[in-house]
2 protein chains.
Amino acid sequence: MTTSTSAFLTSLFTNIVIFAVLFVVFLVLVKRASLAVIYYSKRVLQGSGAPDPKSVGPFTWLRDAIRASDTELAERAGLDALVYITLFKTAIQIFGVSMLYCIIIELPVNVTGGYYEDFNSTPDVVADPNKQIQFTGFDKMSMGNISKKSARLWCHAFACYFVAITAYYFLWTNYKKMSDLRALFLGGVTRAAPRQYAVLVTDIPEADAKTRHSQVDSFFRRLHPGTFESATVISKYAKVEKVYQEKEKIRKKLAHAEAVYAEAQRKDVEKAKRPQHKVGFLGLVGNKVDTIDWCRDQLAALGAKLADEQAATTNDRTINSAMVYFNSRAVATMAAQSVHAKKAETWQTQVAPEPRDVIWANLGIPWWEKFVRQSAVYGITFLIVFFFMIPITIVSGFSTLDNLKKFAPFLKSVFNISAISAILQAFLPQLALIIFLAILPKLLLFLTVKEGIASIAHANRGTAGKYYYFMVFNVFLGVTVAGSALGQLKQMTKNPSGIVDLLGSSIPQQATFFITFIALKTFIGNGLALSQVVRALIYLVKLKFLVKTEEEKLAAWAPGQFNYGANVPNDLLMVILGMCYAVIAPIILPFCVLYFGLSYVVKKNLALEVMVPDYESGGRMYPHIHKRFLASLFVSQITLLGYFGIMQFTATPVLIPLPILTAVFHLYTKKSLETRFSSTAIEVALQDVKEEPSVAEVTAAYTPEYMVNESVETDIEAPPSKAPEIYRDSEPLTSNSLKSA
Amino acid sequence: MTTSTSAFLTSLFTNIVIFAVLFVVFLVLVKRASLAVIYYSKRVLQGSGAPDPKSVGPFTWLRDAIRASDTELAERAGLDALVYITLFKTAIQIFGVSMLYCIIIELPVNVTGGYYEDFNSTPDVVADPNKQIQFTGFDKMSMGNISKKSARLWCHAFACYFVAITAYYFLWTNYKKMSDLRALFLGGVTRAAPRQYAVLVTDIPEADAKTRHSQVDSFFRRLHPGTFESATVISKYAKVEKVYQEKEKIRKKLAHAEAVYAEAQRKDVEKAKRPQHKVGFLGLVGNKVDTIDWCRDQLAALGAKLADEQAATTNDRTINSAMVYFNSRAVATMAAQSVHAKKAETWQTQVAPEPRDVIWANLGIPWWEKFVRQSAVYGITFLIVFFFMIPITIVSGFSTLDNLKKFAPFLKSVFNISAISAILQAFLPQLALIIFLAILPKLLLFLTVKEGIASIAHANRGTAGKYYYFMVFNVFLGVTVAGSALGQLKQMTKNPSGIVDLLGSSIPQQATFFITFIALKTFIGNGLALSQVVRALIYLVKLKFLVKTEEEKLAAWAPGQFNYGANVPNDLLMVILGMCYAVIAPIILPFCVLYFGLSYVVKKNLALEVMVPDYESGGRMYPHIHKRFLASLFVSQITLLGYFGIMQFTATPVLIPLPILTAVFHLYTKKSLETRFSSTAIEVALQDVKEEPSVAEVTAAYTPEYMVNESVETDIEAPPSKAPEIYRDSEPLTSNSLKSA
């Protein structure tokens, strides 16, 4: 996959034009008051409304995004968003500073290397033009233009150290900064979050449902006398949740029907027909009923049923897990970190996830079953990463036009239209692959949740890890080594040093391809993200045809949060590309800086104005990101070792300390900073808070919405469980509350 | 290294004869009352004295060893000794049960395989006797006697599963048993040990020595209000320890001189001369002084100096570590497991080692320096394991007789004696290797301590780990692959699947060699251990020429504890041999069972009657042992995969699940049982104790002997710090107290 310079410039130009168009669309739409819910979702939710269109210049968003400090970002968008934005910042810093050496000093050394020209002008090659090397302007700027054994390679060896030390420096400072901010936000808050008083206990030994409550109570009262407050034994919520969702559906249907009827009455009181629907399958068959009356009846019945189910759930469906509440944050954090029972695999404790972050269905899985599930999921992920091409090739083989005609003969006449036939023929073989790639992050998330993980935040981190492997093996290595992941695997088990040589020899050839790839992501990806055209379009369509109630309107523009599981690996793929090419083809660096720079402002604008977090894990994604930065650096250093060997550089061993240094740096940061993200220090937990939640409030927070008593529900507008814990201002901003509103 | 059957039988016979001789020596010596201190050291120390010689039959020790239950052994010898003995028990169980299949079913299949005979009788081979395979009776009993592609190999494939499942079963039961016993002994004691109330805190942030006491006090008072009792800031003890040791030397010298003088007076009051000595270098030069008077003067002076040093140590030499005492065992165990400070790398807490187990000199090393030291030590260990032959070859090259003559011309006449010359010529080239192997465990212990580890027990575990790698690479693989560890390393980085093939093809040839090796260890090693001839001899010589005081006599027979750092890897080497050959050459199994059986009774006898532990770590060696059993199984399964491939067994893939199963089993036991050894559960810490030590007692326990105030020292006979914590009866039994007594 080599790309000529002119092809590259064409593609770059196209990308920039598309970006310009999307930017103009953004400028037009952002001024429309009716679309404030799209571009200022957060302000609308907070009730402050969109800013005056007159005061908003075309680059106001840019200025605001750049001006917002880390603290401000954390306060307005949460630590998780801050950590994600820091990924871009770190990359800009590393690649930006690397440019100082790699572009200013190394690039001229490459351009004047003259290897390609020299080679083509040797008498041997001049005599036989077939032997000539075809090279582009891009190729001349890469290390490939240096002669073998040249003393100029010292310049590149130094570049390796320059990039590495730059990376260590910025990774270290940012990691430290993130950990300090995390401590600041977890500790010094106006109002302590309920989760800080709660500990999630799993693998409680067998006991019947009747005695489980007292079993948990007496165990913790004995082990934590004076500090244990109370405990809620968790139950299987599946049945009660089903009834609750049914009731919610009917409630929404009723509101919709009432709104439709009211509208009809407004138009013409006489002719207004009460909405009707059929009660059978999909509303297509069955008796026709009056929707409003039917819904009211159903609601009453379901209300009683829900109360019954709630009672049954509490009394008879308890599982081996519980939420335990303490009267002190310090004791809660100690209890979460300590082994409790003599049989250490029972009574396992962990920091309680935020109430809205808990995956209730995963509690109650015994530890050994979690172990088995995890092993199985890892096995399946391995198969997906390395063998996913096999089923896709098989499916592609079947999904030809001829087969389609065979299976759907009634469509034959359509297929015979030559235009449709041409499109299908070009498109069908790719179809399976496209569908697979589109659902892959969701599939991986599904698998990760099946491991039995207790919180959504953790599941997203797990998904990001798996997806990252997929990207590295199938995109980065797949393109570079130009082979399938399966082929690489075979190669690796047979001859691991061979893959280094292979990587070293193939990498330079793919520089232009990857630069094109980065440019595409830079302009199209960020253009779509900034302009939010897709979301705006869906909103407008829904508004026109579906939305009748305020609740439905809210659901139509609900922004949600960043899809960390898919986004983080995508951006980290760019990091590994930048790292691996920084020395070999330094011209990639400005493109990386552009990608991360544009992403930085666009995503930061989204974080500040649009996205609403589903949960707040306190930036626990950061160690994950940090480690993958280091892994990229490590891979790049191994690759460079191989490439320097191929270049027959006699002093290649001077590069051997680099991967060792990276490994040591990894262990060092792991030892010093990673703990700060996995456990809360007693000192942090002890910091003064103005307002402590009562035990009742904490308990209420950890009661799932479908377990809340009817009468209570009407009393409390927004249950405290939905309050994001680390920033006060945005308390109403949760997509859970959007969904259930 | 192949051994013929007759050579093997000769060596076996010699070993048995030597064992018989040593056993007779044992039977004779054990009856002598004067040697009770050697064979019943523990009883003598406890004051119960040796049993009546008449009641002791030749196999009483054997009966007692077999009869003693795990609980009894733990009570009398400590959990660490129990864990060590369990290594033998586990090996007997695994290899014993494996014999049921491998000897009864597989061995006949091998013997009747007839491959060697068939091969030698093919016309081709008969025509050319050079092509004949030389095989012994042993070889016929191995898998080598099976024809390639034979269906008989199914029997061996089944054997692999049989051995694996046997191993899983016994490893699991024993691990579980050990963890239960550990919980029992840590929790339910008559008298709670001081360590259970103490937490070792390291990496206390900077503060000057004057304020450090209050800094530590206020930090813990704030974080653990109501449960924090007091703290002792630790100091650099090097100087005060030097003065103390000097004083001890003089005290012992005085006692010796007084004893000598008293003896002389008893013989002849008139002629008795007061002992004298020269005060200069090594007592060879300088003025002659009256020893008794001189010692008394010195003692007085040193007493004052010690008091000064003690004061200076407490006030001006504090370091960044402290022992923190709590009023509850539950809080202490929680505090040891929790992150305390916002900067998680400061104020690091860990379970306090036993007072006698602490390596005081290693406290005060900041965490990053420990990290650097650890990295350096790992690097050095790697070099030792893989490159140790290089310096030894160089040294051997120099230490020839000719060089010796050059450097020591005055010894020329001696070297010219032909007998001495012959011995030297045979011996010199090996000398460097022999010296190196003798000091290796000590060298590794020295390196491990330099890592900055806080306790001797931990350092011994680290040593065992390093030594095990050395043994596996240089003995097991060294002999099998018949190459240097360095060569294996090269092979591995270039072609890891190649090493499996190489291992598979070389292993069967070495079976006889290793059986001879095991037999040697079985009879000579255990003969020496049982008879204790070396220790008895040293004692008798010292008694005759050196011992004058009771204290010196005690020191002359002080038994010490098992040298876990060197012993455990030695025994684990036998495990890996047994595992790897169990299927390939099952005849090794009876020898393994014999080795572990004999070791079991001999070592158990030593644990019960002789050895006195230096410390009690609560059996924390067990996870280490368990993991290496599994590693051996894993290596054997990989090897078998290679060997089955070489045998061209078509169903070889049926063996692929085995190493995966072993890896999963490892993770499973790690997840479920390993925690029980690294952390104490709150439930365990909370168990009722009859007697709780006072804060003063705990503080005194953690005061090193050289910091004990003179006047106090004379008050207290045995400071409570020296009490082993899990068994009450043996409280006086510590080799520390022996040394200082």
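Residues numbered from 1 in each chain as written. Chains lettered and ligands numbered in written order. Predicted model: local features only at pLDDT ≥ 70, side-chain atom pairs only at ≥ 80, totals over all residues. Heavy atoms only, no water.

Re the nonpolar core
No. 1: Counting residues in hydrophobic clusters, the biggest one holds 139 residues, and the most contacted among them are A:Tyr39, A:Leu87, A:Phe476, A:Tyr581, A:Phe596, A:Phe629 and A:Phe644.
No. 2: Residue contributions to this core peak at 15 residues, all from helix H10 (residues 153-187) of chain A.
No. 3: When residues of this core are sorted by domain, at least three fall in each of domain 1 (5-190 + 469-685) and domain 3 (367-451) of chain A.
No. 4: Each residue touching A:Leu87, except ones within four places of it in the same chain, is listed here: A:Val568, A:Asp571, A:Leu572, A:Val575, A:Phe596, A:Ile625 and A:Phe629.
No. 5: By size, the runner-up hydrophobic cluster in this structure holds 138 residues, among which are B:Met143, B:Ala159, B:Cys592 and B:Ala607. (Core = buried A, V, L, I, M, F, W, Y, C linked by side-chain atoms within 4.5 Å. Buried < 20%, exposed > 50% of the residue type's maximum accessible area, 1.4 Å probe, protein only. Helix = DSSP H or I, 4+ residues; strand = E, 2+ residues; numbered from the N terminus. Domains from an automatic or database assignment. Contact = heavy atoms within 4.5 Å.)

Some remarks on the interface of chain A and chain B
Interface size is commonly expressed as the accessible surface area that is lost when the partners come together.
No. 1: On the chain B side, the residues contacting the 41 residues of chain A number 41 residues.
No. 2: In this assembly, chain A packs against chain B so that about 3,700 Å² is buried in total across both faces, 64% of it on carbon and sulfur atoms.
No. 3: Ranking the residues of chain A by area buried against chain B places A:Lys342, A:Phe371 and A:Glu683 at the top, with a combined share of 19%.
No. 4: Taken together, chain A and chain B are joined by 4 salt bridges.
No. 5: Where B:Arg222 meets A:Glu683, a salt bridge forms, and the shortest distance between an N and an O atom there is 3.4 Å.
No. 6: Where the side of chain A that touches chain B is concerned, the elements lending two or more residues are H10, helix H11 (209-223), helix H14 (329-337), helix H15 (367-387), helix H21 (485-494), helix H22 (496-506), helix H29 (657-678) and helix H30 (682-685) of chain A.
No. 7: Per-element tally for the side of chain A that touches chain B: the top contributor is H29(A), with 7 residues.
No. 8: Grouping the amino acids of the side of chain A that touches chain B by side-chain chemistry returns 19 nonpolar, 13 polar and 9 charged. (Buried area = accessible area lost by both parts, 1.4 Å probe. Salt bridge = Lys/Arg side-chain N within 4 Å of Asp/Glu carboxyl O. Nonpolar A, V, L, I, M, F, W, Y, C, P; charged D, E, K, R; others polar.)

Re helix H1 (residues 5-29) of chain A
No. 1: Between its terminal C-alpha atoms H1(A) stretches 36 Å, which fits the 36 Å expected from 25 residues at 1.5 Å a residue.
No. 2: Taken together, the buried residues of H1(A) touch helix H2 (36-39), helix H4 (60-67), helix H9 (137-140), helix H23 (511-531), helix H24 (533-545) and helix H27 (588-609) of chain A. (Expected span 1.5 Å × (residues − 1).)

Observations concerning empty space enclosed by the protein
Residues and elements named next belong to chain A.
No. 1: On inspection of all chains with the given rule, the structure shows 13 cavities of 30 Å³ or more.
No. 2: Considering only enclosed or pocket space, the largest cavity measures out at about 90 Å³ in volume.
No. 3: Considering each element in turn, the lining of the largest cavity owes the most residues, 4 residues, to H10.
No. 4: Grouping the amino acids of the lining of the largest cavity by side-chain chemistry returns 6 nonpolar, 3 polar and 3 charged. (1 Å grid on protein atoms, 1.4 Å probe; cavity = no way out; pocket = protein on both sides within 12 Å on 5 of 7 lines; lining within 4 Å. Points joined across faces, edges and corners; volume = space filled by probe spheres on them.)

Quick notes on a nonpolar patch on the surface
All names here are of chain A.
No. 1: On the surface, Phe410, Leu411, Val414, Ile417 and Ile420 cluster together to form a nonpolar patch covering roughly 430 Å² of accessible area.
No. 2: Of note, valine 414 is situated in helix H18 (residues 412-415).
No. 3: Using a relative accessible area of 34% as the deciding quantity, one classes valine 414 as partly exposed. (Patch = residues over 30% accessible without salt bridge, like charges linked within 9 Å, V, L, I, M, F, W, Y side chains within 5 Å. Areas by Shrake-Rupley, 256 points an atom, 1.4 Å probe, with all protein chains shown as cover.)

Some remarks on the sheet that holds strand S5 (residues 318-326) of chain B
Residue and element names in this part refer to chain B.
No. 1: An order of S2-S5-S1-S6 is seen for the 4 strands of this open sheet, with the pairing classed as antiparallel. Of all the strands in the sheet, just strand S2 (228-235) and strand S6 (348-351) have a single pairing partner and so form its edges. Sheet twist, expressed as the average angle between the axes of neighbouring strands with direction ignored, equals 30 degrees.
No. 2: Note: strand S1 (residues 198-202) against S6, 4 bridges, orientation antiparallel. (Pairing = 2+ DSSP bridges. Axes fitted to C-alpha atoms, helices over the stretch in contact; angles between N-to-C directions.)

Looking at the domain arrangement of chain A
No. 1: Considered domain by domain, chain A is made up of domain 1 (5-190 + 469-685), domain 2 (240-311) and domain 3 (367-451).
No. 2: For domain 2 of chain A versus domain 3 of chain A, the distance between C-alpha centres works out to 39 Å.

Here we look at the packing of aromatic side chains
Residues and elements named next belong to chain B.
No. 1: Under the defined criterion, the tally for this structure stands at 92 aromatic pairs over all chains.
No. 2: Taking 5.6 Å as the distance between ring centres and 80 degrees as the angle between the ring planes, the aromatic pair formed by tyrosine 237 and tryptophan 360 counts as edge-to-face. Here the residue tyrosine 237 occupies a position in the loop between S2 and helix H12 (238-267), and tryptophan 360 occupies one in the loop between S6 and helix H15 (367-387), the gap between them amounting to 123 residues. Like tryptophan 360, tyrosine 237 is buried. (Phe/Tyr/Trp six-rings, centres within 6.5 Å; stacked < 30°, edge-to-face > 60°.)

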